[in-house]
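# Structure assessment
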Amino acid sequence: MVQHNSLSEKGEERISAVFSTLQIGQLLRKAGISKSFGLSSLAIFRLIFTLVFEGRNWFRLLGSDRRESLPGKDVVYRFLNHPRFAWRRFLHALSLKIVQHFDSLTSQSRVRAFIIDDSVLRRDRSKKAELLARVFDHTTGRYTRGYNMLTLWVVGWLQLRPIDFVMLSSAKLANRFCEMKERLSKRTQGYKRRIEALSRKPDAVVALLNRAIAAGFSADVVLMDSWFTQAPLLRELMAKGLHVIGMVKAMKQRYRFDGKSLTLHELYALLPKQKNKEILGSVIVQTACGLSVKLVFVQNRNRRRDWLVLLSTDLALEDAEIVRIYGMRWSIERPSSNLPNRI
């Protein structure tokens, strides 16, 4: 990849046009992100923003021939770490403005979805990072040092936007290597984010969705992987008027069907066998807490002898539509998946 030393004049003009159209300066002020002296918050934010397009980090930029015209590193670090700046409010406002722009180009009949994504930020060499914890990485099946990153996305036609996130430490004191800074005002955004980092994952998911809805975002369905597709969380989201489509693992959980309590393997055995079909069949069952859901069995395209299960709380959706909608979740994952090609 070719990396340029600085943005071209045309590139600078385009960034200026984007900042003007999105009213970045106004959004920063509304989020309480302002400075009383020196360079403006907008100027510093733009400087950090352009680093992405220059292929540099701040350390490398300070070592370039532009260092004489740049502010000191402490100015940037204080700007990024200021505990009173409401960066979440800024991200909500910016994302909502972009989403509303694309909504004007999109048919109202198209499905829009919230996506919950869970990933691990590894900090193997860190020793004194605030709230550094021993966290479980479900992709590797091992514990590691770092944080769990929960990200909330909204996806629809022509748009995929991250609208909120939370970095989770561990709710268990025994799993935390470091605690939060002392003498931090409890009224600041920084303190609230640190307390939020001690939440349980299901509670953090509900909080993410509550904030998004309060900020003006909307969606037809919530998409999540198997870690979150649990009955208590499903019930809580449905109580808020949100349907869920999620992956389900074949573990020990049982479902009520035809007066019997059956596992996923036992339910699959009851389905009429369909050869050379990507969607193997579906069944409407009840969870242990009495919630009615539809289970759709699909062919695992990487292991033809295996199958996957999608759960939908919307019983009216057709099997193919459930598979198609869940496929939207893979826009934030690897290009290939185990699901059928039709998605």
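Positions within a chain are numbered from 1, following the residues in the order the chain's sequence is written. A pLDDT threshold of at least 70 governs which residues receive local features in this predicted model, and a stricter bar of 80 or more applies before side-chain atom pairs are shown or counted, although totals over entire chains, interfaces and linings include all residues. For side-chain calculations, the full set of non-hydrogen atoms in the structure is used, while hydrogens and water are omitted.

## What to know about the overall build of the protein chain
Helix and strand counts for the protein chain stand at eleven helices and eleven strands. Each principal axis of the C-alpha distribution contributes one length, and for the protein chain these read about 75 × 50 × 40 Å. The 343 residues of the protein chain split such that 44% are buried. Long-range contacts, defined here as pairs at least 24 residues apart, represent 59% of the contacts in the protein chain between residues at least 6 apart. If you sum the accessible surface of the protein chain, you get close to 20000 Å²; carbon and sulfur atoms cover 52% of it. Taken together, the 58 basic and 30 acidic charged side chains of the protein chain have centroids lying 4 Å from each other. Secondary structure elements follow DSSP: runs of H or I of four or more residues count as helices, runs of E of two or more count as strands, with numbering from the N terminus. Relative accessibility decides the category of a residue: with a 1.4 Å probe and only protein chains considered, values under 20% of the type maximum give buried, values over 50% give exposed, and everything between is partly exposed. We call two residues in contact when some of their heavy atoms are within 4.5 Å. To be clear on the numbers: accessible area is Shrake-Rupley with a 1.4 Å probe, and residue cover counts the displayed protein chains and nothing else. His residues and chain termini do not enter the charge count, which takes Lys and Arg as positive and Asp and Glu as negative. By convention, the charge on Lys lies at NZ, on Arg at CZ, on Asp at CG and on Glu at CD.

## Quick word on the pairing of strand β6 (residues 243-248)
For β6, a buried count of five out of six residues is recorded, marking the element as mostly surrounded by other parts of the structure. Here strand β5 (residues 221-224) pairs with β6 via four bridges, running parallel. Each bridged residue has a counterpart across the sheet, and for leucine 223 the counterpart in β6 is isoleucine 245. By definition, the crossover connecting two strands over a helix is right-handed if that path, from the first strand to the second, turns clockwise as seen with the strands pointing away from the viewer. Remark: the β5/helix α9 (residues 231-239)/β6 crossover connection has right-handed handedness. Any two strands between which DSSP finds at least two bridges are classified as paired. Bridging between β6 and strand β11 (residues 307-312) involves four bridges; their strand directions are antiparallel. Its bridge partner being in β11, methionine 247 is matched across the sheet by leucine 310.

## Looking at the packing of helix α6 (residues 87-103) against helix α8 (residues 201-215)
Between the N-to-C directions of two axes lies an angle of 0 to 180 degrees, each axis being a line fitted to C-alpha atoms and, for a helix, fitted only over the stretch in contact. Where α6 meets α8, the closest approach of the two axes is 10 Å, and the angle between their N-to-C directions is 55°. Classified by the interaxial angle, the pair formed by α6 and α8 is oblique. Read as a crossing pair, α6 and α8 show a hand that is right-handed. Contacts between α6 and α8 involve Arg88, His92 and Leu96 from the former and Arg211, Ala212 and Ala215 from the latter. Any angle that falls under 35 degrees is termed roughly parallel, while one over 145 is termed roughly antiparallel, one within 65 to 115 roughly perpendicular, and all others oblique. The handedness criterion is simple: a crossing whose near helix is rotated anticlockwise from the far helix by less than a right angle is left-handed, and one whose near helix is rotated clockwise is right-handed.

## Regarding a positive patch on the surface
A contiguous patch of positive charge on the surface is contributed by Arg84, Arg89, Arg187 and Lys192. Its place among the elements puts arginine 89 in helix α6. Every patch collects residues that have over 30% relative accessible area and no salt bridge, joining them within 9 Å if they carry like charges and within 5 Å if they are nonpolar side chains (Val, Leu, Ile, Met, Phe, Trp, Tyr). Put simply, a salt bridge is a Lys or Arg side-chain nitrogen that is within 4 Å of an Asp or Glu carboxyl oxygen.

## Concerning the packing of α8 against α9
Viewed as axis vectors pointing N to C, α8 and α9 meet at an angle of 15°, and their least axial separation amounts to 11 Å. When the axes of α8 and α9 are compared, the pair comes out roughly parallel. As for the relative orientation of α8 and α9, their crossing is right-handed in sense. Contacts from Pro202, Val205, Val206 and Leu209 of α8 reach α9 at Leu233, Glu236 and Leu237. Looking at side-chain class alone, the contact of α8 with α9 contains six nonpolar, no polar and one charged residues. The nonpolar class holds Ala, Val, Leu, Ile, Met, Phe, Trp, Tyr, Cys and Pro. Asp, Glu, Lys and Arg form the charged class, and all remaining residues, Gly among them, are polar.

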